[in-house]
Amino acid sequence: MTDDQIVASIIKAEGEKFTWDKKRGDPPTKFGITLATLTGWRNRPTTVDDVKNLQRPEAEAIYRSIYIAPAAMLPEPLRETVIQINVLRGRRSGIMMLQGMLAVDVDGWVGKQTLGIVEKVGALRVNNLMCGGMLQHFALQVKSKPQKKGYHVGWRDRFLRLY
């Protein structure tokens, strides 16, 4: 998928409306961009109103810069899976999960060591292992945090599509 297609799929999955479900412990979010992410992106304190007023072009720029660019060197379909994990679990977490699974240095940066093992094992095989790991993670998360149950189907479907 192209970066534009990935951004569009993320925003479709995350939704375009402002949300803040305090009962579930969710942060203020719009386009899937949280208050903490927006604050880091703008490099200054931001408010809930800043999240409410976030425009799609800025959200797209955030996704491209923070979540997509770090995975640029990975082959498909692994690249998109790592990007989706970055979005759901935080910045370079998909890359770190990949590196941990491959038993290489976990530094959150894709380099020769990570790419070499991916090539040796096969990108499709690694991708499927990561998707399986995320499906297990979601099941355990819902078990330990029942308030997140409403998200489980969306999370599951996001990774079943990438399997």
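I will try to describe carefully the structure that is included in this document. What you see is a predicted model; the values in this text were computed from it and never measured. Every chain's residues receive numbers from 1 upward, in the order its sequence appears when written. Where local features are concerned, this predicted model is filtered to residues with pLDDT of at least 70; where side-chain atom pairs are given and counted, the filter is 80 or more; whole-chain, interface and lining totals use all residues. Computation of side-chain values: all heavy atoms of the structure, hydrogens and water removed.

## Focus: the overall build of the protein
Rule in force here: By the criteria applied, helices consist of DSSP H or I runs no shorter than four residues and strands consist of E runs no shorter than two, each listed in order from the N terminus. Two things to know: the radius of gyration comes from C-alpha atoms, and the globule rule equals 2.2 Å times the number of residues to the power 0.38. With a 1.4 Å probe rolled over the protein chains alone, any residue whose accessible area is under 20% of its type maximum counts as buried; one over 50% counts as exposed, and the rest are partly exposed. Note on contacts: a residue pair is in contact if any heavy atoms of the two residues lie within 4.5 Å. Surface accessibility in these figures is a Shrake-Rupley result with a 1.4 Å probe; residues are shielded only by whichever protein chains are displayed.
Summing up its helical and strand segments, the protein has nine helices and two strands in all. Sequence-ordered secondary structure for the protein, helices as α and strands as β, is α-β-β-α-α-α-α-α-α-α-α. Over its C-alpha trace the protein gives a radius of gyration of 16 Å, about what one expects of a compact globule, namely 15 Å for 163 residues. Expressed as lengths along the three principal axes of its C-alpha atoms, the size of the protein is roughly 50 × 35 × 25 Å. Of all 163 residues assigned to the protein, the portion counted as buried reaches 40%. Contacts in the protein between residues far apart in sequence, at least 24 positions, make up 54% of those at least 6 positions apart. Total accessible area on the protein is roughly 8900 Å²; 55% of this is exposed by carbon and sulfur atoms.

## Thoughts on the packing of aromatic side chains
Using the following cut-off: By convention, a stacked pair of Phe, Tyr or Trp rings (six-membered ring in the case of Trp) has centres within 6.5 Å and planes under 30 degrees apart, an edge-to-face pair has planes over 60 apart, and any other such pair is tilted.
Within this structure, the stated rule accounts for four aromatic pairs. Ring centres 5.6 Å apart and planes at 45° place the aromatic pair Tyr 63 and Tyr 67 in the tilted group. One end of the pair is Tyr 63 and the other is Tyr 67, both in helix H4 (residues 56–68) and four residues apart, which spans about a single turn. Each of the two residues, Tyr 63 as well as Tyr 67, counts as buried. Residues Phe 138 and Trp 155 carry aromatic rings whose centres are separated by 5.0 Å and whose planes lie at 25° to one another, so their mutual orientation is stacked.

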